[in-house]
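# Secondary and tertiary structure notes
Listed below are the residues making up each chain.
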Amino acid sequence: MTSSDTEILDALPTVLTNRVVPIDDVLAALKSAGIDLGEHQGETLDRVTSMEGAFGDLAGGLIFLPSFFDGTKWTIEVTEQDLAARIIEDTMAIDPLVWWLVTNEVACVDDAGQVMGLLEVESLDDVHDSLVLPDPVAESLRPGWVSVTLRDGATHWSLSDGPAAPTAGQIAAAQAGFQATLNDPRNAEFSVAARVSVPVGLERATDTSALLEAIAIDRSAFADAPMPPVTTLFEAAGFEVRDRDVAMPGFDWDALATWRTSNIAALLFELTETQTKAYRALTAAFAQWRASNTVNDASSEAGAIADLFADIKVIEAFSTGPQPQMVALPGQMADTAAAHLGFVEALVEAGAASNDITAFRVRCLDRVGRPLDAIAVLDEVTESTEAKQLLLAAAEFAADRSDATVAYALLQRAGALDHLASIKGEAETHTPDLELLFEIEPFAMTRPKAVADRNDPCPCGSGKKFKKCHINDQPMHGLEYRAPWVHGKAMRFGRARNAALIETLADAVCAHVDDGEIVEQMRFSPFIADVALHEGGNFARFLEARQELLPADEFELATQWAAIDRGVFEIVKLAGQRVELRNIVTDIRITVGEMESGSGIETGDLMIGRPLPVGDGWRAFGGFMPCDPSIVENVVAAIEARDALGIAGLIGDQLAPTHDDLMSQLGLEGLGLDGLDLEALGLDEADLADE
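This text gives an overview of the structure that appears in the document.

What counts, and where the lines are drawn
- Residues numbered from 1 in each chain as written.
- Predicted model: local features only at pLDDT ≥ 70, side-chain atom pairs only at ≥ 80, totals over all residues.
- Heavy atoms only, no water.
- Helix = DSSP H or I, 4+ residues; strand = E, 2+ residues; numbered from the N terminus.
- Buried < 20%, exposed > 50% of the residue type's maximum accessible area, 1.4 Å probe, protein only.
- Contact = heavy atoms within 4.5 Å.
- Pairing = 2+ DSSP bridges.
- Patch = residues over 30% accessible without salt bridge, like charges linked within 9 Å, V, L, I, M, F, W, Y side chains within 5 Å.
- Areas by Shrake-Rupley, 256 points an atom, 1.4 Å probe, with all protein chains shown as cover.
- Salt bridge = Lys/Arg side-chain N within 4 Å of Asp/Glu carboxyl O.
- Lys, Arg positive; Asp, Glu negative; His and termini not counted.
- Charge placed at Lys NZ, Arg CZ, Asp CG, Glu CD.
- Core = buried A, V, L, I, M, F, W, Y, C linked by side-chain atoms within 4.5 Å.
- Phe/Tyr/Trp six-rings, centres within 6.5 Å; stacked < 30°, edge-to-face > 60°.
- Lys NZ or Arg CZ within 6 Å of the ring centre and 35° of its normal.
- Axes fitted to C-alpha atoms, helices over the stretch in contact; angles between N-to-C directions.

This part takes up the overall build of the protein. When you go through the protein residue by residue, the secondary structure sums to 34 helices and 20 strands. Burial status across the protein gives 46% buried among its 691 residues. In the protein, once contacts between residues fewer than 6 apart in sequence are set aside, the share between residues at least 24 apart is 64%.

Next comes the structure, spelled out in structure tokens:
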């Protein structure tokens, strides 16, 4: 019978002791100890140890860190602020220990061996971690340097006169450990498996890997003398150190940042090899511009850069993906859109011109809060261009201004109607052109109520009949009729500006749903979009970005909506398309209109939603989600804290564990689009029923 992960982990410390043990020897020792790793022994061992920080995987084999580091003494600096907060923010001096501390309960002990508490690690960002000290340990220290001695799997903290200086033996071991890490044959194996080869000149090692190899090469050098701070050690050995990377002198750190970022972008945006090369070239050109603030005005160079804007996926990765250039040059503007705008305008000045360049310039102008300037750029080209991306951008701005007729005509020129005629399923409708078409169509295809009858005198006072004067000067539809459109504009804005948040919320709601298609559909749920708008902060950004474009009455209504919080409501009464609700916290009752009450809900049910005032009534554009009585208190707390992810997670927990449960718990068949139907939740009944 195959041994459990716990049995394997419990047996390994005895096998490894304080040395590096080759993998074949580990497997043989485990077998002798009665541990059965199954058919694929090596893969099982790798899986069990890879996410357990007490083990390290070196070129020569496996180590057990608590024993491997036993007796070593480390030095780290703590500040007065660190001790007051009980948190050491800069842990780079003991970086090789951090992963062990993250995955294990590591005690702090006093001189008598009594436990004073457990260490904890918190992540500050993707690179840096902080160390949380138990109160008794923090109280025993003072600002300055302290020693951390590892003994029997625990840490002993004491005052130190200063950081340990690297010894000659430690420096020699560090140099050898760096080379051993670079020469590790597994590097080539990883490159082949991941299809990512390190370019010549960018070879480097992590501080942890290089130090572990150094200790393996000469353990006595580190056991007989205190361990210097990791950065100090490798700098003394003649290397450059940046964050967790160790490299030879003269290393091109900017090139490494660009290369790493392109790999991340390729993964996130599913770029092909050709697209990844274009992305690297574009980011390199951008970095060069930021360094010199100029673009060579030679037509060939500017034109070559302009060509890189032709691929939409490359531009999406460049616009919204990771930005190494934003941190590569400290002191320059950190706002990505502003930097991109400066770059593209420098290209235009240097003679680069294309529809793709114009579209990117429009996007940047809008993102930096200059939508009217973006519209002015579009006005110069809209009448003559057939470029879909420019026509779509112009249509979006027209829609924001509530000019549905103009927006519809622009979408027609952009091929949206032909696109609609060609689709074969609902999933294909989630494209920017079709979603905008569905948003504006009700307003473009209907005429607002006329201000006078055809044969009445024209209200302008001309004395002519209305049909002979201003009958074709259409006023806007009434605000109550446009209210769903206002909310739709905000949702469109949120999806464009913060798609990552919406995906995160949808994933949280569907945490127990093992169906990628349903998760994808949930990402288009009005409920999820509204949580991202209100609790996620997108609505405030929408108001700021679109104040100049929205009609005054729409902006006033949207501003009123921004102050309306979500709530937990009890269904009091069902009457046709009207549902009476009671907010269980405030006890205020409201009646939400234009909802078709179906058999899936009953009086007394609890629902989570954010009804919004429209005229004399209320509407539920974001729909509702069911709320089990057992989570009401936590949901209310999450709402009060405006915790978007907390709300989504609580909903997700109650929608588990099966698709049948999901269907019955939602119980929302037959409710109107503005209310509680599966469409409003972004779900498809057929997909769920098939499960």
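Spatially, the three strands line up as an open sheet ordered 4-8-7, and their pairing is antiparallel. Both outer strands of the open sheet, strand 4 (87-88) and strand 7 (120-123), are each paired with one neighbouring strand and no more. As judged from the four bridges shared by strand 7 and strand 8 (residues 129-132), these two strands associate in the antiparallel manner. In the strand pairing of strand 8, V121 is matched with L131.

Glancing now at the environment of A359. In this fold, A359 is placed in helix 19 (residues 355-367). Beyond its immediate sequence surroundings of up to four residues, A359 is in contact with Q389 and L390.

Once that is clear, we can look at a positive patch on the surface. Residues R447, R454, K465 and K468 make up a contiguous surface patch of positive charge. With respect to the secondary-structure elements, R447 resides in the loop between helix 24 (432-444) and helix 25 (479-497). What makes R447 exposed here is its relative accessible area of 59%.

On the surface, M51, W99 and V102 cluster together into a nonpolar patch covering about 320 Å² of accessible area. Structurally, the position occupied by W99 is in helix 6 (residues 95-103).

It is worth spelling out the nonpolar core at this point. In this structure, W74 and W157 are the most contacted members of the largest nonpolar core, which totals 63 residues. Setting aside residues no more than four positions away along its own chain, W157 makes contact with I76, I88, C108, V109, L119, L131, L133, V137, L141, V146, S147 and V148. In terms of nonpolar packing, the next biggest core, distinct from the first, is built from 62 residues, L282, V314, A398 and L410 among them.

Turning our attention to unusual backbone geometry. Phi angles above zero are rare outside glycine, and R86 is one such case at about 65 degrees. Residue position: R86 is located in the loop between helix 5 (80-85) and strand 4.

Before going further, it helps to spend a moment on the packing of aromatic side chains. Under the counting rule described, the total for this entry stands at 20 aromatic pairs. Through pairs of rings, three or more aromatic residues link up here, namely F286, W289, F309, F318, F343 and F360. Over the face of the ring belonging to W485 we find K489, whose NZ or CZ atom lies 4.5 Å from the ring centre.

Time to look at the pattern of salt bridges. Between side chains of opposite charge, pairing is possible as soon as their charged atoms come close. Evaluation of the coordinates by the stated rule reveals 30 salt bridges. R86 is the partner of D135 in a salt bridge, and the nearest nitrogen-oxygen pair spans 3.1 Å. Of the two residues, D135 sits in helix 7 (residues 135-140) while R86 sits in the loop between helix 5 and strand 4, which places them 49 residues apart along the sequence. Across the pair K489 and E554 runs a salt bridge whose closest N-O atoms are separated by 2.7 Å. Note that K489 is positioned in helix 25 and E554 in helix 30 (residues 552-562), a separation of 65 residues in sequence.

Pairing in this open sheet of five strands is mixed, and the strands run 3-9-10-5-6 from one edge to the other. Each edge of the sheet is formed by a strand with only one pairing partner; in this case those strands are strand 3 (73-78) and strand 6 (115-118). Strand-to-strand twist in this sheet, taken as the mean axis angle between neighbours without regard to direction, amounts to 35 degrees. Looking at chain direction, strand 5 (residues 107-109) and strand 10 (residues 154-159) are connected through two bridges and run parallel. Opposite V109, over in strand 10, you have H156 as the bridge partner.

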